[in-house]
Amino acid sequence: MPLRLGDKGLKRLISAGQIDASYYRARYGAEISDKEVIRHFLNRSTYDGRSYSDKFDAIGYLRSNPDVIAEEYSPLWHYAAYGKDQERAIDAKWRDFSWIPEDVEYVAPDIPCEATESPTIAIHLHIFYRDYLNRFLALLSNVRFEFDLLISTPFEDIEDASHAFYDLPNVRRVDCRVGENRGRNFGPFLVDFREDLQDYDFVLHLHSKKSLYSGDEQAGWASFAQTFLLGDHHVVYRHLQIMRADPTIGLLALTPFYKLPHWANHTLKNRDTVRDLAGRLDFEPELGFHSYPVGGMFWMRPSAMKAMLEYPWSYSDFPAEDGQTDGALQHSLERCTGSICRAGGSNVLYYEPWSNRYALNRYDELAVYKKESKASLVRLAPHFEVVSSDVFDTLVYRRSMDVEIGKRAVGLRLVNEGLIDSIDNFVTLRNKTELELRVAGNFVGDVELEQVYRRLAIILDAGHLDLEEFCDLEFEADLADQRPRLAVVDALNEIGRRTRLIFTSDSYYSKEQIRRLIARAGIHAPHEIFVSSALQARKDNGRIWAHIARILDVERDRILHIGDNIVSDIQIATENGLATFIVMHPMDKFGACMDRGIDLDAFSAPMRAHWLRMAEAIGCDPFFEHGTMIHVD
C-alpha cells in the first residue's frame, strides 16, 4: 500500500536529510529524477528494505525492531512518526545487514553482450487469486521490452478476463491456458507450458503469492519479488544485461525477503520428496540449510534448465490440492531449482535489492542466525508468559553424536548373554519394535520404554529378563554420554527466574528420567516437564501444544519454544501458533563452520574420534559469537 504522507511530512524528511535523492541514485544506480525517488519512497518503502539516505539504515531498523517487521510499515516513516520519540535505536549488529558474504559477491562482466538481435523473452504468470489480474496488468504496463505473455490459471473466468492483457504496449502475444489446480505455480508451469518455454532465450516466472508461513496475506513479499524481478525497469535491465553477457548464468532470483523467517532456507518437510526428485532429474540434492529461490519466482535461461523442462511432467505427478503448506512436490521443486541449474553446468545469481549486490550460487542462509546470541534469547523471553525448551540436542548433546548409544549398551549385554548375535542387529530390532508400536497406535500418542522392552522380551523369547533393568541400562548409558550446552543452560536459568519455564520433549523416557537429565545438565530454575510418553501427544505432529496450552491455561501465542529440530521444534510449533527460537543442533553448527561437508562415518575410528572432538568443541555452543570457519584439507 502506498504511504499516505502529506507534503509537510515529506518536506521534513527531505530537509532532515532522511530522503536524499543523490544518495539513492548513487547507491542503486538508477538514473531517476528527485520526484521519482519520492515516488519510490511512497510506493515501495513498506516492503523494499532500501535506505533513502545514509542517515537511516532501513533493514537495520527493521531487524532491531521486530514489531515493525511484523507490520506493513515503512521503516523510515515508522521512525519519523513513532520511533524517534520512543528513542528506538539500530543495534550495531544489524547495521548494513546483508545475506551476501564477501567471498560470494558477484562482479558483472565488463564485456557487453555480443548478440545484435534482441533476445526472445517470455513472462509466465500463474494466476490463482483474481485480484492479481489488476496487479499484474499494472506491473506489465510498465515493461520496456517486447515479450510473450503466458498465463496459467485453474479458473475459466480468469481466462476470460485475461483479454485485458492483449492491449499491453510491448506484448507480442498472450496465451492463457486453464489447467488443473495441482502443483500450485509449478504444476501449470511445467505441465501446460514446458515445451513452449524451451523456445525462448529468457523466461520470467511469477505467481500470485499471498501467504508467508503465517497463513495470512503478506503483500510485501509478493510486491518485493514482483518489483525487483520485473517492476523496476532499471534493475530488470541490469538483470537481463548480466544474463546476456554471462552465458553461465542460468537462473536469477532474489535473496530472501527480510520478513521471511531464516529457517525457511531449509529442506524442512521436503527431505524425501527432494531425494525422489533428485533421482528423477539426476542432480545432487541439497539437504538442510541451503540457498534457493525462496518463493519460487525467478528469471531463467531455459537452455540451462533442460533437466526440469524436458521431463514429461503431468498433473498426476502433483498431489491433489489440500491446502498443503509444505512437503509436496511443488515445495521440493522450489528448493531444487538452483540444484538443477548447477547440475546442468550453469550458475545461479541472487540479487539483494537493499544492498544492490549480486551473489553467485549462494547467499548466507544463516546470516540472521549468526547475529543471535545467549543475550538475544534472554531479552526475548520476557515478552512471553511461558518459555518452553526442547531437551535433547538443545539443552544437552551426546558426546558420541550417536543417538543409539543407549541401545548399543543393551545390545552388548544381550550379545554377552547369547540372546542376539550382534549389537547392530539388536539396534535394528529395537527400532523396528518401537516403530511397530507407534503404528499400532496410529501415531496419535507415543510409546513408553517399558512397552518396547516388554514386546522385545516376547520377540526374543526372553521372559526371564528384568524389564526394568534393561530400561534403566538404556537410559543410564545414554545419560552418561550427555553433556550440557552451557550457553543454553545459563540462558534458561536466567529466564526461569522471571518467566514460567517448561521443558517439552518427544521421548519414550519417563518424566522422572527426563527430570534427572535436566537436573544433571545444571538447571536450577523452577520448571515443569512435559514428555510425550506421559502426555500421549508429540511435538513432531503438533498435538502436544494443545495439551500444554490447556494444562497451563495459556494462549499458544504467549508461548516461546526453543529447540534445535527445524521441523518439529520450529516449523510445526510455528504452524501451531507458537513463537519460536532456534538453538542450532551441534552437528548443524559444526557443518556451518566448515568450508565443505564432513562424513564422519567415512573415516577410520581414530580420524572419526578426532573430528568428533572438533565437532563437539565447535557445536556445543549453538551461537556464533566466537565461531570460526574451519578449512579442511
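Numbers given for residues are sequential positions, taken from 1 along each chain in its written order. A pLDDT threshold of at least 70 governs which residues receive local features in this predicted model, and a stricter bar of 80 or more applies before side-chain atom pairs are shown or counted, although totals over entire chains, interfaces and linings include all residues. Computation of side-chain values covers all heavy atoms of the structure but excludes hydrogens and water.

S.K.: Quick question: what am I supposed to make of helix 18 (residues 423–440) here?
M.R.: Per the convention used, a helix needs a DSSP run of H or I reaching at least four residues, while a strand needs a run of E reaching at least two, with both numbered from the N terminus. By definition here, a helix of n residues has an expected span of 1.5 Å times n minus one. A rise of 1.5 Å per residue sets the reference length of helix 18, with its 18 residues, at 26 Å; its end C-alpha atoms lie 26 Å apart and thus fit the reference within 8%. Packing partners of the buried residues in helix 18 comprise helix 17 (405–416), helix 19 (449–459) and helix 20 (467–481). Positive phi appears at N442, one or two residues downstream of helix 18, with a value of about 55 degrees. Only heavy atoms enter the contact rule, under which two residues are in contact if any of them lie within 4.5 Å.

S.K.: Sorry, what's going on with the sheet that holds strand 4 (residues 202–207) here?
M.R.: Two strands are said to pair when DSSP picks up at least two bridges between them. A sheet is described by the order of its strands in space; here 8 strands give the open sequence 3-2-1-4-6-5-7-8, paired in mixed fashion. In this open sheet, the two edge strands, each paired with only one partner strand, are strand 3 (171–178) and strand 8 (357–360). On average, adjacent strands in this sheet sit at an angle of 20 degrees to one another, irrespective of strand direction. Sheet topology places strand 4 next to strand 6 (residues 298–300); 3 bridges connect them, and they run antiparallel. What sits directly across from L204, in strand 6, is W299. Axis angles are defined between N-to-C directions and span 0 to 180 degrees, where every axis is a line fitted to C-alpha atoms and, for a helix, only to the segment in contact.

S.K.: Even after reading the chapter, I still don't get a nonpolar patch on the surface, so can you show me in this structure?
M.R.: Patch definition: residues above 30% relative accessible area lacking any salt bridge, with like charges linked at up to 9 Å and the nonpolar side chains Val, Leu, Ile, Met, Phe, Trp and Tyr linked at up to 5 Å. For the area figures, the Shrake-Rupley method with a 1.4 Å probe applies, and any residue is considered shielded solely by the protein chains shown. Salt bridges, as used here, are contacts in which a Lys or Arg side-chain nitrogen is within 4 Å of a carboxyl oxygen on Asp or Glu. There is a patch of nonpolar side chains on the surface, built from L435, V439 and F443 and spanning about 270 Å² of accessible area. Looking at the secondary structure, you find F443 in the loop between helix 18 and helix 19. A 1.4 Å probe rolled over the protein chains alone gives each residue an accessible area, and that area as a share of the maximum for its type sets the label: buried under 20%, exposed over 50%, partly exposed in between. You can call F443 partly exposed: its relative accessible area is 44%.

S.K.: What is the right way to read the confidence of the model for the protein from this model?
M.R.: Regions with low pLDDT carry predicted coordinates that are not meant to be interpreted in detail. Scored from 0 to 100, pLDDT records how confident the predictor is in each individual residue. In this model, the protein carries a mean pLDDT of 92, and residues with pLDDT of at least 70 account for 96%. Taken together, the stretch residues 212–217 has pLDDT below 50 and engages in 14 contacts with residues farther than four places along the chain or on a different chain. In this model, residues 628–633 is a region of pLDDT below 50 whose contacts with residues beyond four sequence positions or in other chains number 16 contacts.

S.K.: Even after reading the chapter, I still don't get helix 13 (residues 271–281), so can you show me in this structure?
M.R.: One turn of an α-helix holds 3.6 residues; hence residues three or four places apart share an orientation. If you check which residues of helix 13 are buried, you get V274, L277, A278 and L281. The arc that holds every buried residue of helix 13, seen down its axis, measures 105 degrees, which confines them to one face. Set apart from the buried face of helix 13 by more than 90 degrees, the exposed residues are D272 and G279. On the buried face of helix 13, the contacting elements are helix 14 (306–309) and helix 15 (329–343). What the arc describes is the spread of directions from the helix axis to the C-beta atoms.

S.K.: In this structure, what is going on with the sheet that holds strand 14 (residues 559–563)? I would like to understand it.
M.R.: Working definition: the strands of a sheet are paired by backbone hydrogen bonds and lie parallel or antiparallel to each other. Ordered in space as 13-12-9-14-15, the 5 strands form an open sheet in which the pairing is parallel. The sheet is open, and its two borders are formed by strand 13 (528–531) and strand 15 (579–582), each paired with just one other strand. Averaged over all adjacent pairs, the angle separating strand axes in this sheet is 25 degrees, with direction ignored. Taken together, the 4 bridges between strand 9 (residues 386–389) and strand 12 (residues 500–505) define a ladder with parallel strand orientation. Each bridged residue has a counterpart across the sheet, and for S388 the counterpart in strand 12 is I502. This element, helix 25 (residues 566–575), spans strand 14 and strand 15 of the sheet and lies at about 155 degrees to strand 15.

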